[in-house]
Amino acid sequence: QVQLVESGGGLVQPGGSLRLSCAASGSIFSINAMGWYRQAPRKQRELVATITSGGSTNYADSVKGRFTISRDNAKNTVYLQMNSLKPEDTAVYSCNADVETSWRTLPVVYWGQGTQVTVSS
């Protein structure tokens, strides 16, 4: 009943910037925390950044100072601004959201399909 769709991925040169978006739609009563994860070839999926409904954020050490997570609650959308990109940032980036579909049900985590980010010259 809930879908998350990422956009904004692509190929960028080292030092460049990209802004990823993830919009949630469907049977949404409210969204608690939202986050971004990434998985590079030959590596385990890792947490990139999370943001609570109140705006509290946390980041992986590898992206602190370069990436910024934000959200627009009115649009059910989470963003990831990525600056000073490095080749090691190359990965499939996926968003997730802890969603309540009604006031009487427990929240469920939904995942987007992922978007490819490639940092290369």
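Residues numbered from 1 in each chain as written. Predicted model: local features only at pLDDT ≥ 70, side-chain atom pairs only at ≥ 80, totals over all residues. Heavy atoms only, no water.

(A) Broad picture of the state of the cysteines. Tallying each qualifying case throughout the model produces 1 disulfide. One disulfide in the model links C22 with C95; its S-S distance is 1.8 Å. Torsion about the S-S bond of the C22 and C95 cystine: about 50°, corresponding to right-handed handedness. One end of the pair, C22, is in strand β3 (residues 18–26); the other, C95, is in strand β9 (residues 91–100), and 73 residues separate them in sequence. (Disulfide = S-S within 2.5 Å. Helix = DSSP H or I, 4+ residues; strand = E, 2+ residues; numbered from the N terminus.)

(B) Representation of the sheet that holds strand β7 (residues 67–72) in the model. Strand order in the open sheet made by the 4 strands is β1-β3-β8-β7, with antiparallel pairing throughout. For this open sheet the edge positions go to β1 (2–7) and β7, each flanked by a neighbour on one side alone. When the angles between neighbouring strand axes are averaged without regard to direction, this sheet yields 15°. With 6 bridges joining them, β1 and β3 adopt antiparallel strand pairing. When the bridges of β3 are listed, V5 appears paired with A23. (Pairing = 2+ DSSP bridges. Axes fitted to C-alpha atoms, helices over the stretch in contact; angles between N-to-C directions.)

(C) Here's a closer look at the pattern of salt bridges. In the structure shown here, the tally under the stated rule is 4 salt bridges. Note that R38 and D89 form a salt bridge whose closest N and O atoms lie 3.0 Å from each other. In this pair, R38 sits in strand β4 (residues 30–39) while D89 sits in the loop between β8 (77–82) and β9, placing the two residues 51 residues apart along the sequence. Taken individually, R38 and D89 each receive the classification buried, so the pair is uniform in this respect. Note that R66 is salt-bridged to D89, the shortest N-O span being 2.8 Å. One end of the pair, R66, is in the loop between β6 (57–59) and β7; the other, D89, is in the loop between β8 and β9, and 23 residues separate them in sequence. (Salt bridge = Lys/Arg side-chain N within 4 Å of Asp/Glu carboxyl O. Buried < 20%, exposed > 50% of the residue type's maximum accessible area, 1.4 Å probe, protein only.)

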